[in-house]
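Chain residues, written in single-letter form:
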Amino acid sequence: MAIAVMGDDESASSLILRLSSLGFDAIYARRGSRAFAKVLEAADLILCASPSEVADTVQGTGRPPAPVVLVNSGLPDAQALLSAMRHGVIDVVTTPIGDGEFGERIETDLARARPTDLRIAGQLDNLERDQRAGRYIQLRMLPPSPMAIEGYRLAHRVEPSMILSGDFVDYFRIADRHFVFYIADVSGHGASSAFVTVILKNFSRRIRREYHPRMFTKPGEILGVLNRELLDQALGKHVAMLIGVVDLDTDTVRFANAGHFPHVIHAVQAERLETRFVEKPGKPVGLFDDVDYEVGTTVLAPGDSLVAFSDGVLDVMKEGDLATKEQRLIDAAASHSPDIEALWRGVGIANGSPGPDDMTCLVIAREA
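Every value quoted in this text rests on a predicted model; they were computed, and no experiment measured them.

*Asks:* I'm lost on the pattern of salt bridges in this one. Help?
*Replies:* Pairs can form between side chains of opposite charge whenever their charged atoms are close. A complete count under the given rule lists 17 salt bridges for this structure. Glu159 is paired through a salt bridge with Arg157; the nearest N and O atoms lie 3.1 Å apart. When its relative accessible area of 16% is taken as the criterion, Arg157 is described as buried. Ionic pairing is found between Asp251 and Arg366, a salt bridge with its closest N-O pair at 3.1 Å. Residue Asp251 is found in the loop between strand S10 (239-247) and strand S11 (252-258), and its partner Arg366 is found in strand S16 (residues 359-366); the two are separated by 115 residues along the sequence. Its relative accessible area of 12% is what places Asp251 among the buried residues. With a relative accessible area of 22%, Arg366 lands in the partly exposed category. Among the charged side chains, a salt-bridge network with shared partners connects Arg206, Arg209, Glu210 and Glu229.

*Asks:* Got a minute to help me understand the nonpolar core in this structure?
*Replies:* Here is a general trend for soluble globular proteins: nonpolar side chains tend to be buried in one another's company. One finds Phe179 and Phe181 to be the most contacted residues of the largest nonpolar core, which totals 49 residues. At seven residues, the largest contribution of residues to this core is made by strand S9 (residues 178-186). Excluding anything up to four places from it in sequence, Phe179 contacts Ile149, Tyr152, Leu154, Phe172, Arg173, Ile174, Gly244, Val245, Val246, Leu248 and Ile364. Grouped together as the second largest cluster of nonpolar side chains are 22 residues, Ala267, Ala333, Trp344 and Ile349 included.

*Asks:* How should I be thinking about the pairing of strand S14 (residues 296-299) in this particular structure?
*Replies:* Successive side chains on a regular strand alternate, one facing one side of the sheet and the next facing the other. Side chains Gly296 and Thr298 project from S14 onto a buried face, and the interleaved Thr297 and Val299 project onto a face without burial. Bridging between S11 and S14 involves four bridges; their strand directions are antiparallel. Its bridge partner being in S14, Val253 is matched across the sheet by Thr298.

*Asks:* In this structure, what is going on with unusual backbone geometry? I would like to understand it.
*Replies:* Leave glycine aside and you will find that most residues have negative phi; peptide bonds, for their part, are mostly trans. With an omega of 5°, the peptide bond between Thr95 and Pro96 qualifies as cis. Looking at the secondary structure, you find Pro96 in the loop between strand S5 (89-95) and helix H5 (99-113). Following Ser145, the chain continues into Pro146 via a peptide bond in cis, with omega recorded as 0°. With respect to the element layout, Pro146 can be found in the loop between helix H6 (116-141) and strand S6 (147-149). Phi at Glu150 takes a positive value of approximately 40°, unusual for a residue other than glycine. Note on placement: Glu150 falls in the loop between S6 and strand S7 (152-159). By relative accessible area, Glu150 is classed as exposed at 53%. The backbone phi angle of Ala175 is positive, close to 60°, even though this residue is not glycine. As for its placement among the helices and strands, Ala175 is situated in the loop between strand S8 (167-174) and S9.

*Asks:* Would you explain the sheet that holds S9 in this entry?
*Replies:* Hydrogen bonding along the main chain pairs the strands of a sheet, whether they run parallel or antiparallel. Strand order across the open sheet formed by five strands is S8-S9-S10-S11-S14, with antiparallel pairing between neighbours. The open sheet terminates on both sides in strands that have one partner only, identified here as S8 and S14. Averaged over all pairs of adjacent strands, the angle between their axes in this sheet comes to 15°, without regard to strand direction. Against the sheet, helix H7 (residues 191-210) engages S8, S9 and S10, with an angle of about 5° to S8. Along the sheet, helix H8 (residues 220-233) contacts S10 and S11; its crossing angle with S10, the most-contacted strand, is approximately 150°.

Rules and cut-offs
Residues numbered from 1 in each chain as written. Predicted model: local features only at pLDDT ≥ 70, side-chain atom pairs only at ≥ 80, totals over all residues. Heavy atoms only, no water. Salt bridge = Lys/Arg side-chain N within 4 Å of Asp/Glu carboxyl O. Buried < 20%, exposed > 50% of the residue type's maximum accessible area, 1.4 Å probe, protein only. Helix = DSSP H or I, 4+ residues; strand = E, 2+ residues; numbered from the N terminus. Core = buried A, V, L, I, M, F, W, Y, C linked by side-chain atoms within 4.5 Å. Contact = heavy atoms within 4.5 Å. Pairing = 2+ DSSP bridges. Axes fitted to C-alpha atoms, helices over the stretch in contact; angles between N-to-C directions.

Below, the structure is given as structure tokens:
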């Protein structure tokens, strides 16, 4: 960045030599020269060697084209200092001053003088780096995909609308004959919602350590505990969530729904039943003190799957009404489950471009 130096020949030359020795690009803006106006226009910072030079610069140019720094021998008197500040001086550097401190002051003044759009661009770059680091951590929190648990194949796909996601999935074994799965959609999206997914992952670990046997048949109790935890932390976030517990001995799935939509789909391979939504009402966790979650039950035959999408998928589907979108979800589950990539393509979102909301698919498939 260029620094224009104004003052008499001796003071200006001394400043230019000092700035150059410190690695700055400095040029003399000699008043009255033909290049005077061009030098000032090209400058990112203007150094004036006296308060009178500041006043003359403002009077001669109107508003200076770049921020002004006053470099003065000793601190100016109160009147001169007030005048300099009124004329837009952003810093007053008093000499003598050591090279190290002088260089730091000029670096600080250049940073303040940097155009707003460049400062914002730098801040956005830093923010994006931080969010990408957060995305890496978030991906590490997700379970393996695919994953096998005793005759079952579990898989997921999460596509954030931004770098970080407010959607989350998890599945894990508890005890000898049960495993838990859930899909969660935190209200909003981006960083604030992504923070809540960390709480969800910690909650998964607690379930594995501190589960009660009755939770195997009453998964709504798990949602009730999470509801109280979110309310106690007063995060201002709620979570739509579907949670299920699979009994490996009976292949029975017991599930509870905390406001998750679309409803989970039971995709069947035999002709005994049609692929359909398995509906259960329920309030999101983190909103209401009094919650009670009904338990839904379904049995997975060999080759059957449970397929759950987050509502962000609906936002990118091209069908005009909700009923038609829901039918396409059912058709995709019937035709493509348990192949999660084929499911993704089947609902029309295979191109990988982000939507207005986070998009997630979770598949729990019993092997044929």
